[in-house]
Amino acid sequence: MEEKERILQLRKLLHLYNYQYYVLNQPSVSDRDFDGLMHELQDLEAQHPELFDKNSPSQRVGSDLTTGFTQVVHKYPMLSLANTYNEQDVAGWYESVRKDLAGEPFEVCCELKYDGLSISLTYVDGQLVRGVTRGDGVQGDDVTANVRTIRAIPLVLPGTGYPKEFEIRGEILMPWQVFERLNAEREAAEEPLFANPRNAASGTLKSLDPQLVANRQLDAYLYSLLGEDLPTEKHYENLQEAHKWGFKISEGMRKASTLQEIYDFINRWDEARHQLPVATDGIVLKVNSLRQQRALGFTAKSPRWAIAYKFKAERVCTRLDEVTYQVGRTGAVTPVANMQPVQLAGTTVKRATLNNEDFIRSFDLHLGDYVYVEKGGEIIPKIVGVDVSRRTPDLQPIHFITHCPECGASLVRYEGEAAYYCPNDAGCPPQIKGRIEHFIARKAMNIDSIGPETVDDYFRRGLIRNIADLYTIDVQQINGDGSREKSARKIVNSIRASVEVPFERVLFALGIRFVGETSAKLLARHFKTLDALMVASIADLMEVEGVGEVIAESVIRYFHNEENLQIIERLRSYGLQMSLNADQLQGSTDKLAGKSIVISGVFERHSRDEYKAMIELNGGKNVGSISSKTSFILAGANMGPSKLQKAEKLGIALVDEETFLRMLE
Ligand code: IVH
């Protein structure tokens, strides 16, 4: 077979396998076979660049990044739905539809209301051409590059019979499982948690890094088909067709002909939704006939032919028995409510965070109070109120503790912060253990042979008091009673192996407050060595794009601490990477010193991240938006019109990638 034909055949096959796996949930080949075919396709495509196709299955992670998203005006505005919260309001809507249709019989399509963010997809000749967010309803962001990474969204329709051009709308979601894993990772890295999968999905889809989007494994359900020549005049039937073309549609869609059937649907899913892999926050009811939809029309904000019924946030009342206090790695003290165990939305709840002293005060909480606990869109149960009528006179108000429950130090509250802190960072066990756990974490030193229990064990046995001690423990010490020599050897080896971990991750692993993975990377690339970073002033630090006052001050504070300096010197003596490696340093010049450069458009020779790194490596600063201070714009293809206009207005030069690369030669 000719190579061209094989490429086309492989693309077809892989689209089909992808559809079977992600849309139908019925894989027909093993992951291994899938990967094998994908590699074959990638190899062939590399040999035949003339056959490039942006909708090839190999392009799920594209590199066509832009500095911002282009705005696209929706062909049909993206409206929202009016909400109802009880059966009475649903009945009210049903009656008004009946009245407006002058007694004509009608069917209602009942479907789940997915709790993610809405997306509008355009297909021409069965190929995905565009994905746009809702935005303000009139125009949204073109997020096609990110949408392409979502496996449940077909790039090329596997089915047949679709119109030449159509739009399909739906919801992009982050499955619970992915959400929980992501938040666990963020917690370990001390990054702020996403409150719910919706926020996480939204943050992900708006990322400028399609690789990150691909890793986050978003899902999509489609619920509305729009266009000139749709298969039928009925919403439900059209979606069934769309399912045959290759789309994942709302689960459990049903047609109802009576109000009772609608209530039955609502009641069934109010319970059953807890078994779904993604978040839902209600039910959507739509008049099924498109002709009747047109007759009913719209109000200013929403269609008259559809309505949302929102599930109630589940709420229970239980007794607050005790408040305990947790001390984190940074010393922040968090009060926790311990309550009489109670069933809520499928799980037993007995603890809920009380956040901080102000939160306790705002409810005037007393020990023994009956509190209302809710689990709404947020997965973590929240205390939302107190039943004051059940408060007996003997109950005492809760006073925040004044001393650390772990080490006894007097707590402090810094100006402008809601939390109390234990200032004894060098001697307070959870702070010490927390720092060590952070140090060994996957995104830090990745010492995966030990986990929190081992850290706890070594700490209790006095083997480690700080991160540097990890490098001096030996097999004999770990082995103790002599039964775990093999695992001890493995642990020691993996700790020793971590000396190869690159400087930027070492910097992150040190656990400098507010220095997350990204800022550690930025600081490492800018200063290149720990020695340079250690002597940097606040102003030097704030020169780094993305580093603000809070981070800068925290870095200064960290390097002013004698104990930290001793630990660093020990780590250095054990051979940890204290500067960028030769590869990273290679090509480092100050050719772009003092230059503020905006990257915009799509590039061919290198990815946007690579250009960013090149700018930094050559002493320049990559900035996000165009201003009079911008030195020039590294401009790729398809730069947005508003950017071009702004550049022209401010008289800022556009430099194409070839010229840019020549500048660095
Ligand atoms: S139909 C004219 N169906 O809920 C409005 N919307 O305010 C057409 N949503 O942000 C929307 N599941 O993204 C429809 N099965 C479903 C839905 C759904 C979730 C979202 C939608 C919009 C909001 C409605």
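Since this is a predicted model, take the numbers as computed values, not measurements. (Residues numbered from 1 in each chain as written. Predicted model: local features only at pLDDT ≥ 70, side-chain atom pairs only at ≥ 80, totals over all residues. Heavy atoms only, no water.)

Turning our eyes to something else, we now look at the sheet that holds strand S21 (residues 653-655). Read from one edge of the open sheet, four strands run S19-S18-S20-S21, paired in parallel fashion. Of all the strands in the sheet, the pair left with one neighbour each is strand S19 (621-623) and S21. Sheet twist, expressed as the mean angle between neighbouring strand axes with direction ignored, is 35°. Summarising the sheet, strand S18 (residues 596-600) and strand S20 (residues 632-635) pair through four bridges and their orientation is parallel. Of the residues in S20, the one forming a bridge with Val598 is Ile633. Contacts from helix H25 (residues 657-664) reach S20 and S21 within the one sheet, and its direction differs from that of S20 by about 115°. (Pairing = 2+ DSSP bridges. Helix = DSSP H or I, 4+ residues; strand = E, 2+ residues; numbered from the N terminus. Axes fitted to C-alpha atoms, helices over the stretch in contact; angles between N-to-C directions. Contact = heavy atoms within 4.5 Å.)

Around the ligand, the structure places 13 residues, and the nearest of them are Leu81, Glu111, Leu112, Glu171 and Tyr223. Taking Tyr114, its main chain carries an N or O atom lying 3.0 Å from a nitrogen atom of the ligand. Taking Tyr223, its side chain carries an N or O atom lying 2.6 Å from an oxygen atom of the ligand. Taken by itself the ligand offers 520 Å² of open surface, and the protein chains cover 87% of this. At the level of secondary structure, the elements contributing two or more residues to the shell around the ligand comprise strand S3 (108-114) and strand S10 (280-287). Tallying contributions element by element places S3 first for the shell around the ligand, with four residues. Of the residues that constitute the shell around the ligand, the class distribution is seven nonpolar, two polar and four charged. (Near = heavy atom within 4 Å. Polar contact = N/O pair within 3.5 Å; in protein donor to acceptor, adjacent residues only side chain to side chain. Areas by Shrake-Rupley, 256 points an atom, 1.4 Å probe, with all protein chains shown as cover. Nonpolar A, V, L, I, M, F, W, Y, C, P; charged D, E, K, R; others polar.)

Here the focus is helix H15 (residues 485-497). Compared with the 18 Å implied by 1.5 Å per residue over 13 residues, the 18 Å span of H15 between its first and last C-alpha is a close match. All of the buried residues along H15 are Ala488, Ile491, Val492, Ser494 and Ile495. The buried residues of H15 all sit within an arc of 165° when viewed along its axis, so they share a single face. Residues Lys486 and Lys490 are exposed on H15 and point more than 90 degrees away from its buried face. The inward-facing, buried residues of H15 contact helix H13 (452-460) and helix H14 (475-479). (Expected span 1.5 Å × (residues − 1). Buried < 20%, exposed > 50% of the residue type's maximum accessible area, 1.4 Å probe, protein only. Arc of directions from axis to C-beta.)

This part takes up the UniProt feature "active site" (unreviewed entry) in the chain. In this numbering, the UniProt entry assigns the feature "active site" (unreviewed entry) to Lys113. Looking at the secondary structure, you find Lys113 in strand S3. In this structure Lys113 comes out as buried when scored by relative accessible area, which is 18%. Those residues in contact with Lys113 that sit more than four places away from it in its chain are Thr280, Asp281, Gly282, Ile283, Val284, Ala308 and Lys310. (UniProt positions renumbered as here; feature names shortened; annotations may be inferred.)

Moving on, we come to the packing of helix H23 (residues 608-617) against H25. Interhelical geometry of H23 versus H25 gives an angle of 30° and a closest axis separation of 12 Å. Taken together, the axes of H23 and H25 are roughly parallel relative to one another. By crossing handedness, the relation of H23 to H25 is classed as left-handed. Contact residues: H23 offers Tyr611, Met614 and Ile615, while H25 offers Glu657, Phe660, Leu661 and Leu664. Of the residues contributing to the contact of H23 with H25, the split by class is six nonpolar, no polar and one charged. (Parallel < 35°, antiparallel > 145°, perpendicular 65-115°, else oblique. Left-handed = near helix turned anticlockwise from the far one by under 90°.)

Further remarks concern helix H8 (residues 235-245). Of all the residues in H8, the buried ones are His235, Tyr236, Asn238, Leu239, Ala242 and Trp245. Across the axial projection of H8, the buried residues extend over an arc of 165°, all falling on one side.

Time to look at the pairing of strand S8 (residues 219-226). Most of S8 sits out of view: six of its eight residues are buried. Pairing analysis gives seven bridges linking strand S7 (residues 165-173) to S8, with the strands arranged antiparallel. Counterpart to Gly170 in the pairing with S8 is Leu222.

A word on the state of the cysteines. Under the criterion given, the structure shown has zero disulfides. Lacking any disulfide linkage, Cys109 is separated from the closest cysteine sulfur, that of Cys110, by 6.6 Å. (Disulfide = S-S within 2.5 Å.)

Let us now look at the side chain of Thr84. One can find Thr84 in strand S2 (residues 83-84). Note on Thr84: relative accessible area 4%, which makes it buried. Here Thr84 is in contact with Asp89, Val90, Ile307, Ala308, Tyr309 and Lys310, once residues within four sequence places are set aside.

With that settled, the discussion passes to the environment of Asp125. Along the chain, the position of Asp125 falls in the loop between strand S4 (117-124) and strand S5 (127-133). Its relative accessible area of 46% is what places Asp125 among the partly exposed residues. Sequence separation between Asp125 and Asp457 is 332 residues, and the spatial gap between their C-alpha atoms is 62 Å. Among residues more than four places away in sequence, those in contact with Asp125 are Tyr162 and Lys164.

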